[in-house]
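The primary structure of each chain is shown beneath.
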Amino acid sequence: RQALDQVLTAFWKLYQRLKTYSKHPHPTTRKRIEADFDHLCNGQTEWIALKKGLDKLKTYKEELLICLNYPATLRYTVTRAKGISENR
């Protein structure tokens, strides 16, 4: 349960940073968000279901982080993230 809580906390922190970025884009922030996303998805866990979820999240990286290229697309990103969590 602790591993799941850590992943969820990191995910929502990343989401908050994406919201901020969409309003105030900056190249340094963009690189940090990308690195944090990779770190989140590549995290080690013994919980197989959690690892599968993170692996699936990683496959949608381009779509989920599209707002780094087009900050106004954050709404689409949120909709896609909800779809991923509902389809597990």
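Coordinates for the structure precede this section.
Colleague: Any details on the nonpolar core? Residues and values, ideally.
Modeller: Within soluble globular proteins, side chains that are nonpolar tend to cluster in buried spots. Residues Leu18, Ile33, Phe37, Leu40, Leu57, Leu65 and Leu68 are the most contacted members of the largest nonpolar core, which totals 17 residues. Secondary-structure elements contributing two or more residues to this core are helix H1 (2–23), helix H2 (27–41) and helix H3 (48–59). Beyond its immediate chain neighbours, meaning those up to four positions away, leucine 18 contacts Ile33, Leu64, Leu65, Cys67, Leu68 and Leu74.

Colleague: Quick rundown of the layout of surface pockets? Include the residues and the values.
Modeller: Its volume calculated, the second largest pocket comes out at about 200 Å³. Around the second largest pocket, the lining residues are Ala3, Gln6, Val7, Ala10, His39, Leu40, Gly43, Gln44, Thr45, Leu50 and Leu54. Of all the secondary structure elements, the ones that give two or more residues to the lining of the second largest pocket are H1, H2 and H3. For the lining of the second largest pocket, the element with the highest residue contribution is H1, accounting for four residues. Each residue belonging to the lining of the second largest pocket can be placed in one class, and the counts come to six nonpolar, five polar and no charged.

Colleague: Residues and numbers for H3, please.
Modeller: Compared with the 16 Å implied by 1.5 Å per residue over 12 residues, the 17 Å span of H3 between its first and last C-alpha is a close match. Residues Leu50, Leu54 and Leu57 constitute the buried set of H3. On an axial view of H3, the arc spanned by its buried residues comes to 55°, and they lie on one face. Pointing more than 90 degrees away from the buried face of H3 are the exposed residues Ile48, Ala49, Lys52 and Thr59.

Colleague: So what about H2? Which residues, and what values?
Modeller: Quick reminder: α-helices carry 3.6 residues per turn. Residues three or four places apart thus point the same way. Across its 15 residues, H2 extends 21 Å between first and last C-alpha, which sits within 8% of the 21 Å expected from 1.5 Å per residue. Turning to H2, its buried residues are Ile33, Phe37, Leu40 and Cys41. For H2, the angular spread of buried residues about the axis comes to 90°, placing them on one side. For H2, the exposed residues lying more than 90 degrees away from the buried face are Pro27, Thr28, Lys31, Arg32 and His39.

About the cut-offs
- Residues numbered from 1 in each chain as written.
- Predicted model: local features only at pLDDT ≥ 70, side-chain atom pairs only at ≥ 80, totals over all residues.
- Heavy atoms only, no water.
- Core = buried A, V, L, I, M, F, W, Y, C linked by side-chain atoms within 4.5 Å.
- Buried < 20%, exposed > 50% of the residue type's maximum accessible area, 1.4 Å probe, protein only.
- Helix = DSSP H or I, 4+ residues; strand = E, 2+ residues; numbered from the N terminus.
- Contact = heavy atoms within 4.5 Å.
- 1 Å grid on protein atoms, 1.4 Å probe; cavity = no way out; pocket = protein on both sides within 12 Å on 5 of 7 lines; lining within 4 Å.
- Points joined across faces, edges and corners; volume = space filled by probe spheres on them.
- Nonpolar A, V, L, I, M, F, W, Y, C, P; charged D, E, K, R; others polar.
- Expected span 1.5 Å × (residues − 1).
- Arc of directions from axis to C-beta.

Nothing here speaks to function; it is all geometry.
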